[in-house]
Amino acid sequence: PDPVMPDPNDGAFIVWDEARYRTLLAPLRVNRVFDSNAAFITDLGNGDFEIQAGVAVSSHYVQWDPGDDSSSRAVMTLNFDGPVLAFITDDASLALSNSTLGLAAVDYGAFADRGLEPDDIIDFQGTDAVLSWEASSPGDWARVVPAAAVPVPPSALSAAAALAALCWMKRR
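On a predicted model such as this, the values are computed, not experimentally measured, just so you know.

Participant: Mind showing me how you'd approach the overall build of the protein chain here?
Facilitator: In terms of helices and strands, the protein chain carries two helices and 13 strands. Scored against the burial criterion, the 172 residues of the protein chain give a buried share of 40%. The long-range fraction of contacts in the protein chain, counting pairs at least 24 apart against all pairs at least 6 apart in sequence, stands at 80%. A total accessible area of about 9,100 Å² is found for the protein chain, and carbon and sulfur atoms account for 56% of it.

Participant: What is the right way to look at the nonpolar core in this model?
Facilitator: The tendency in soluble globular proteins is for nonpolar side chains to be buried as a group. L28, V30, I51 and V145 are the most contacted members of the largest nonpolar core, which has 23 residues in total. Within the residue set of this core, elements represented by two or more residues are β3 (28-30), β6 (48-51), β10 (84-88), α1 (91-101) and β13 (140-146). Tallying contributions element by element places β10 first for this core, with three residues. Other than its neighbours up to four places away in sequence, V145 contacts L28, I51, V57, S58, V84, L85, A86, I88 and L101. One finds V62, L78, A129 and A142 within the second-largest nonpolar core, a separate group that totals 15 residues.

Participant: What exactly am I supposed to notice about the sheet that holds strand β11 (residues 121-125) here?
Facilitator: Whether parallel or antiparallel, the strands of a sheet pair through hydrogen bonds between backbone atoms. With antiparallel pairing, the three strands of this open sheet are ordered in space as β9-β12-β11. Edge positions in the sheet fall to β9 (72-79) and β11, since each has one partner strand and no second. Pairs of neighbouring strands in the sheet enclose a mean axial angle of 10 degrees, with direction left out of account. Bridge analysis of β11 against strand β12 (residues 128-135) gives five bridges, and the strand direction is antiparallel. From the neighbouring strand, I122 faces β12, where its bridge partner is L131.

Participant: Help me out: how do you make sense of α1 in this one?
Facilitator: One turn of the α-helix equals 3.6 residues, which is why residues spaced by three or four share an orientation. Within α1, the full set of buried residues consists of S93, L94, S97, N98 and L101. Down the axis of α1, the buried set is contained in an arc of 155 degrees. They therefore lie on one face. Turned more than 90 degrees away from the buried face of α1, the exposed residues are A92, L96 and S99. Tucked inside the fold, the buried residues of α1 contact β2 (22-23), β3, β7 (56-57), β8 (60-64), β10 and β13. Its side-chain oxygen placed 3.3 Å from the backbone nitrogen of A92, D90 serves as the N-cap of α1.

Participant: Even after reading the chapter, I still don't get the sheet that holds β3, so can you show me in this structure?
Facilitator: Pairing is antiparallel across the open sheet formed by three strands, whose spatial order is β3-β6-β5. Two strands bound the open sheet, and with one partner strand each, they are β3 and β5 (41-45). Here the average twist between neighbouring strands, direction ignored, is 30 degrees. Looking at chain direction, β3 and β6 are connected through three bridges and run antiparallel. Of the residues in β6, the one forming a bridge with V30 is F49.

Participant: Got a minute to help me understand the side chain of R143 in this structure?
Facilitator: Locating R143 in the fold gives a position in strand β13. Residue R143 is classed as buried on the basis of its relative accessible area of 0%. Of the polar contacts made by the side chain of R143, one reaches the side chain of N98; its length is 3.0 Å.

Participant: Help me understand the environment of S93, please; the structure alone is not making it clear to me.
Facilitator: Here S93 shows up in helix α1. On the basis of relative accessibility, which here comes to 2%, the residue S93 falls in the buried class. Put simply, S93 and R29 are 64 residues apart on the chain and 6.3 Å apart in space, counted from C-alpha to C-alpha. Setting aside residues no more than four positions away along its own chain, S93 makes contact with R29, N31 and I88.

Thresholds, definitions, all that
- Residues numbered from 1 in each chain as written.
- Predicted model: local features only at pLDDT ≥ 70, side-chain atom pairs only at ≥ 80, totals over all residues.
- Heavy atoms only, no water.
- Helix = DSSP H or I, 4+ residues; strand = E, 2+ residues; numbered from the N terminus.
- Buried < 20%, exposed > 50% of the residue type's maximum accessible area, 1.4 Å probe, protein only.
- Contact = heavy atoms within 4.5 Å.
- Areas by Shrake-Rupley, 256 points an atom, 1.4 Å probe, with all protein chains shown as cover.
- Core = buried A, V, L, I, M, F, W, Y, C linked by side-chain atoms within 4.5 Å.
- Pairing = 2+ DSSP bridges.
- Axes fitted to C-alpha atoms, helices over the stretch in contact; angles between N-to-C directions.
- Arc of directions from axis to C-beta.
- Polar contact = N/O pair within 3.5 Å; in protein donor to acceptor, adjacent residues only side chain to side chain.

Function-wise, these values are silent; they only describe arrangement.
Following this line, the structure appears as structure tokens:
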């Protein structure tokens, strides 16, 4: 089922893959970054940033709802294929990024209050992100934007195998 709905999961922390190995064709508005001084990050002020066009990224949607109309804190470490560059954490930026990074088959809806609160913590640690989120209904929602881990093309694997075979034959 479409997992994007208010109060979706009664205490479960859900993360799913969205875009993989996508080169940004336009700047991407984000709200929290690993390094505001990175060469490809533009500080827009008021806590907003952009990742410049041309950067290769992936994206993953994260949601946590404590369930039963309660409020509680979750602490979680998430590990990704590439270094975590940014999080998209407010309603407007999440909506803007749906067409660029979201899945076509998912209805991301338009309900309010699904971003993070200012006191929610994201600790960037390379390919890990340590989260400490306190939420109540409808939960906490964010999009994680790591650098795209570039897959090894099959032709490179074939070339490596051929080179290994030649070296073995020469040694014989």
